[in-house]
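Residue-level listing of the chains:
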Amino acid sequence: MSIALGIVASGAGLTLPTPVEKWLDLMGAAAAPCALFAIGLFLSDKSIKIGLADAGLATLIKLLLQPLLAALILPFFIDLGSVAGRGRAPDGVPADGRHAFVLAKQFDTSVEQNTASVLLSTAFSVVTVSALLVWLRVS
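Residues numbered from 1 in each chain as written. Predicted model: local features only at pLDDT ≥ 70, side-chain atom pairs only at ≥ 80, totals over all residues. Heavy atoms only, no water.

*Asks:* Lay out unusual backbone geometry with the relevant residues and their values.
*Replies:* Its identity as a non-glycine residue notwithstanding, Asp-108 has a phi of 50 degrees, on the positive side. Examined against the element boundaries, Asp-108 turns out to sit in the loop between helix H5 (96-107) and helix H6 (111-135). A relative accessible area of 65% places Asp-108 in the exposed class. (Helix = DSSP H or I, 4+ residues; strand = E, 2+ residues; numbered from the N terminus. Buried < 20%, exposed > 50% of the residue type's maximum accessible area, 1.4 Å probe, protein only.)

Structure (structure tokens):
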């Protein structure tokens, strides 16, 4: 319903009042830090040993296999040397893990595995992102 309302409002050329738009921007900007804070709170009294095997596999896929597949497939659709290509280059950054954690927590399923995966992929992304920056010769 809200998507349809947004499409109708956009099609009609309606704009939000500036205070409402600023408030929505502020709420949107706060979502990612709040999710990371929630992950930290969850980790503060839990052990990641329960979901470590699943998280290890997910981390391996996220940080190695996914960027490799993207690097092999993306050149067929976009020039990786272009500005748009560099913005879409596989990076191995675990940003999507926050969303997985929030959904897992909301539906109370695989929370330990998702939390462990976010923790591992964040820690190991330091290595993979650094390697990618060297490979792309970014200074």
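*Asks:* Report on helix H3 (residues 52-73), specifying residues and quantitative values.
*Replies:* For H3, built from 22 residues, the straight-helix expectation of 32 Å at 1.5 Å per residue is met to within 8% by its first-to-last C-alpha distance of 30 Å. Of all bends in H3, the biggest is about 35 degrees, found at Ile-61. Taken together, the buried positions of H3 are occupied by Ala-55, Thr-59, Lys-62, Leu-63, Pro-67 and Ala-71. (Expected span 1.5 Å × (residues − 1). Bend = angle between axes of the 7 residues up to and from the residue.)

*Asks:* Go over the packing of helix H2 (residues 18-44) against H6, please, and point to the residues and values.
*Replies:* The N-to-C vectors of H2 and H6 enclose an angle of 115 degrees; their axes lie 11 Å apart at closest approach. One way to sum up the angle between H2 and H6 is to call them roughly perpendicular. Between H2 and H6 lies a crossing whose hand is left-handed. When H2 is examined against H6, the residues Ile-39, Phe-42 and Leu-43 are found in contact with a partner set consisting of Val-111, Glu-112, Thr-115, Val-118 and Leu-119. Grouping the amino acids of the contact of H2 with H6 by side-chain chemistry returns 6 nonpolar, 1 polar and 1 charged. (Axes fitted to C-alpha atoms, helices over the stretch in contact; angles between N-to-C directions. Parallel < 35°, antiparallel > 145°, perpendicular 65-115°, else oblique. Left-handed = near helix turned anticlockwise from the far one by under 90°. Contact = heavy atoms within 4.5 Å. Nonpolar A, V, L, I, M, F, W, Y, C, P; charged D, E, K, R; others polar.)

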